[in-house]
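Structure assessment
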Amino acid sequence: MRSDKINPTVTKDQPAAAEDDYREPTKEELLEDLRIALRDAIAGEEGIPAREAIEAMRKRIYGDAHHG
């Protein structure tokens, strides 16, 4: 028995990832990212200091355990 009607509860497979999803950024894209970062730094918009970020990652990964 064969039906020509499509079952609306069946979903189509997701399309394969676009080729652009896995490409390296171009030189122009990298330069634009640097320009934005420099503008933010000059304007005084700062993120978390590097040492604080590293310490936060260590705490997240290792917890408060003392490694040594």
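None of these values were measured; they are calculated from a predicted model.

Comments concerning the overall build of the protein chain
Each helix and strand counted, the protein chain has two helices and zero strands in total. Counting the 68 residues in the protein chain, one finds 0% classified as buried. Taken as a whole, the protein chain presents about 7500 Å² of accessible surface, with 54% of it coming from carbon and sulfur.

As for helix H1 (residues 27-42)
For H1, which comprises 16 residues, the first-to-last C-alpha distance of 22 Å matches the rise-based estimate of 22 Å (1.5 Å per residue) to within 8%. Note on H1: the residue one or two positions beyond its end, glycine 44, has a positive phi of about 90°.

Things to note about the pattern of salt bridges
Evaluated as defined, the whole model comprises three salt bridges. For arginine 35, the salt bridge identified is with glutamate 32, shortest N-O distance 3.3 Å. Taken together, the residues arginine 35 and glutamate 32, both in helix H1 and three residues apart, mark about one turn of the helix. With relative accessibility at 34%, the residue glutamate 32 sits in the partly exposed group. Taking the shortest distance from any N to any O, the salt bridge between arginine 39 and glutamate 32 comes out at 3.9 Å.

About the cut-offs
Residues numbered from 1 in each chain as written. Predicted model: local features only at pLDDT ≥ 70, side-chain atom pairs only at ≥ 80, totals over all residues. Heavy atoms only, no water. Helix = DSSP H or I, 4+ residues; strand = E, 2+ residues; numbered from the N terminus. Buried < 20%, exposed > 50% of the residue type's maximum accessible area, 1.4 Å probe, protein only. Areas by Shrake-Rupley, 256 points an atom, 1.4 Å probe, with all protein chains shown as cover. Expected span 1.5 Å × (residues − 1). Salt bridge = Lys/Arg side-chain N within 4 Å of Asp/Glu carboxyl O.

Bear in mind that shape data such as this cannot, by itself, settle questions of function.
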